[in-house]
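# Survey of secondary and tertiary structure
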Amino acid sequence: MPVAERTIFDENDLFSWTSIQTTYDTDTNLTIAKDTLFDDGTEKFESFENGIRTATYQEDNLVFGQPAPDGGAQAWETIETL
């Protein structure tokens, strides 16, 4: 399965996110994964199968898998929805 990535950036600070990186299958044009970095430092990673979201992981300012020194932006560190 050939894949491609596309990243868009909120260079003018118009949205609540900083960047969105989408990975998709170039044969079917279906999304495989999406990684969104928000302005507050939280990050959301979504995985897809046959164009349907199968899992969502949200992390609050994790640095190399460890909680951020500042305690993060949210009361939670990680949310997994499978």
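None of these values were measured; they are calculated from a predicted model. (Residues numbered from 1 in each chain as written. Predicted model: local features only at pLDDT ≥ 70, side-chain atom pairs only at ≥ 80, totals over all residues. Heavy atoms only, no water.)

## Topic: the overall build of the protein chain
- In terms of regular secondary structure, the protein chain is built from 0 helices and 6 strands.
- Of the regular secondary structure in the protein chain, the N- to C-terminal order runs β-β-β-β-β-β.
- The long-range fraction of contacts in the protein chain, counting pairs at least 24 apart against all pairs at least 6 apart in sequence, stands at 12%.
- With an accessible surface of roughly 5800 Å², the protein chain has 49% of that area assigned to carbon and sulfur atoms. (Helix = DSSP H or I, 4+ residues; strand = E, 2+ residues; numbered from the N terminus. Contact = heavy atoms within 4.5 Å. Areas by Shrake-Rupley, 256 points an atom, 1.4 Å probe, with all protein chains shown as cover.)

## Quick notes on the sheet that holds strand E1 (residues 3-9)
- Judged by pairing direction, the sheet is antiparallel, and its 6 strands sit side by side in the order E1-E2-E3-E4-E5-E6 without closing on themselves. Edge positions in the open sheet fall to E1 and strand E6 (78-81), since each of these has one partner strand only. Strand-to-strand, the axes of this sheet are offset by a mean angle of 10°, without reference to chain direction.
- Of the strand pairs in this sheet, strand E2 (residues 17-25) and strand E3 (residues 31-38) are connected by 7 bridges, and their pairing is antiparallel. (Pairing = 2+ DSSP bridges. Axes fitted to C-alpha atoms, helices over the stretch in contact; angles between N-to-C directions.)

## So, the packing of aromatic side chains
- In the structure shown here, the tally under the stated rule is 1 aromatic pair.
- Ring centres 5.1 Å apart and planes at 0° place the aromatic pair Phe 15 and Trp 17 in the stacked group.
- On the basis of relative accessibility, which here comes to 47%, the residue Phe 15 falls in the partly exposed class. (Phe/Tyr/Trp six-rings, centres within 6.5 Å; stacked < 30°, edge-to-face > 60°. Buried < 20%, exposed > 50% of the residue type's maximum accessible area, 1.4 Å probe, protein only.)

## Re unusual backbone geometry
- Positive phi outside glycine occurs at Asp 13, with the angle close to 55°.
- Assessed through its relative accessible area of 55%, Asp 13 is described here as exposed.
- With a phi close to 55°, Asn 50 is a non-glycine residue in the positive phi region.
- Asn 50 sits in the exposed class, given a relative accessible area of 65%.

## Quick notes on the side chain of Thr 36
- By the element assignment, Thr 36 lies in strand E3.
- For Thr 36, a relative accessible area of 5% translates into the label buried.
- When residues no more than four places from it in sequence are discounted, the contact partners of Thr 36 are Trp 17, Ser 19, Ile 20, Thr 42, Glu 43 and Lys 44.

## Section: the pairing of strand E5 (residues 52-60)
- As paired elements, strand E4 (residues 42-49) and E5 share 8 bridges and run antiparallel to each other. The residue bridging Lys 44 from the neighbouring strand is Gln 58, located in E5.
- Connecting E4 to the next strand, E5, in antiparallel fashion are 2 residues, including Asn 50 with a positive phi near 55°.
- Pairing of E5 with E6 involves 4 bridges; the strand directions are antiparallel. Across the sheet, the residue bridging to Glu 59 is Thr 78, located in E6.

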